Amino acid sequence: MRYWLFKSEPGCFSIRDLAASPGRTAPWDGVRNYQARNFMRDEIKKGDLAFFYHSVTDPGIVGLMEITGGPRPDPTQWDPASEHPDLASPEDNPRWYLVDVTLKEIFPVPLPLRLLRSQPELDGMELLKKGSRLSVQPVSKAHFEAVVALERRMAKGGK
């Protein structure tokens, strides 16, 4: 099993949107970065776990998801009405892929970016590196466990 962090702008697709999806499952589509695409196409597997990260307004980790399907071609690349069409992507050799995610848990207390940055056990986490903008990124097992432990402490009113 591997661990990941998926970023989304809450105004585009929030954890509440995922919770409202049938079966609390949705395709993670619209990714248009080659490195993030490569992770989804080549490395992310069914059963992997991923943090859901709200970016832009009050950035932070807001929940936990499981990868439950894919990878498969992202159909939004051929949809001219989608947010990020790529009509030049060949159907027989698509550029963009997606995976299906299923909500496991909405954290009762979101973990803001400023709190994550203050945790020494998260030093070196991709999310916290200067200039890190990838919308899909790996998380080490140690960092994953540290974030989960932090969330459990925060949910109990700790620091």
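Residues numbered from 1 in each chain as written. Predicted model: local features only at pLDDT ≥ 70, side-chain atom pairs only at ≥ 80, totals over all residues. Heavy atoms only, no water.

### Details of the overall build of the chain
Threshold: Secondary structure elements follow DSSP: runs of H or I of four or more residues count as helices, runs of E of two or more count as strands, with numbering from the N terminus. We take the radius of gyration over the C-alpha atoms and set the globule estimate at 2.2 Å times the residue count to the 0.38 power. Here's how the labels work: a residue is buried when its accessible area is under 20% of the maximum for its type, exposed when over 50%, partly exposed in between, all with a 1.4 Å probe on protein chains only. Whether two residues are in contact is decided by their heavy atoms: any pair within 4.5 Å suffices. What sets the accessible areas is the Shrake-Rupley method with a 1.4 Å probe; for residues, cover comes only from the shown protein chains. By the counting rule applied here, Lys and Arg register as positive and Asp and Glu as negative, while His and the ends of each chain are not counted. Think of each charge as sitting on NZ of Lys, CZ of Arg, CG of Asp or CD of Glu.
Counting its secondary structure elements, the chain contains four helices and six strands. Its helices and strands in sequence order give the chain the pattern β-α-β-α-β-β-β-α-β-α, from N to C terminus. Rg of the C-alpha trace for the chain: 16 Å, near the compact-globule value of 15 Å for 159 residues, within the 12% margin. Sorting the 159 residues of the chain into buried and exposed places 46% on the buried side. Here the contacts in the chain between residues at least 6 apart in sequence split such that 71% fall between residues at least 24 apart. With an accessible surface of roughly 8,300 Å², the chain has 51% of that area assigned to carbon and sulfur atoms. A gap of 6 Å separates the mean positions of the 22 positive and 21 negative side-chain charges of the chain.

### Thoughts on the pattern of salt bridges
Should the charged atoms of two oppositely charged side chains come close, the side chains can pair. Short version of the rule: We count a salt bridge whenever a side-chain nitrogen from Lys or Arg sits within 4 Å of a carboxyl oxygen from Asp or Glu.
In this structure the tally under the stated criterion is ten salt bridges. The salt bridge involving R95 is made with D86; its shortest N-O contact spans 2.9 Å. On the accessibility criterion, R95 (26% relative accessible area) is partly exposed. For R152, the salt bridge goes to E105, with nearest N and O atoms at 3.0 Å. Residue R152 is located in helix α4 (residues 141-155), and its partner E105 is located in strand β5 (residues 97-112); the two are separated by 47 residues in the primary sequence. Classification of E105 as partly exposed rests on a relative accessible area of 22%. A network of salt bridges, in which partner residues are shared, links E105, E151 and R152.

### A short note on the nonpolar core
The following threshold applies: Put simply, a nonpolar core is a bunch of buried Ala, Val, Leu, Ile, Met, Phe, Trp, Tyr and Cys residues held in one set by side-chain atoms that sit within 4.5 Å of each other.
Counting residues in hydrophobic clusters, the biggest one holds 23 residues, and the most contacted among them are F51, I61 and L111. At the level of secondary structure, the elements contributing two or more residues to this core comprise β1 (3-8), β3 (49-54), β4 (60-73), β5, α3 (113-117) and α4. Excluding residues within four positions of it along the chain, L111 makes contact with P59, G60, I61, L116, V147, L150, E151 and M154. Residues W4, A26, W28 and A36 belong to the second largest nonpolar core, which totals 21 residues.

### Describing unusual backbone geometry
What you tend to see is this: most non-glycine residues have negative phi, and most peptide bonds are trans. At the junction of G70 and P71, the peptide bond is cis and its omega measures out at 5° in the coordinates. Inspection of the secondary structure assignment puts P71 in strand β4. Here the phi dihedral of R24 falls at roughly 55°; this positive angle occurs in a residue that is not glycine. Along the chain, R24 falls in the loop between α1 (15-20) and β2 (25-28). For R24, a relative accessible area of 35% puts it in the partly exposed group. Phi angles above zero are rare outside glycine, and V56 is one such case at about 75°.

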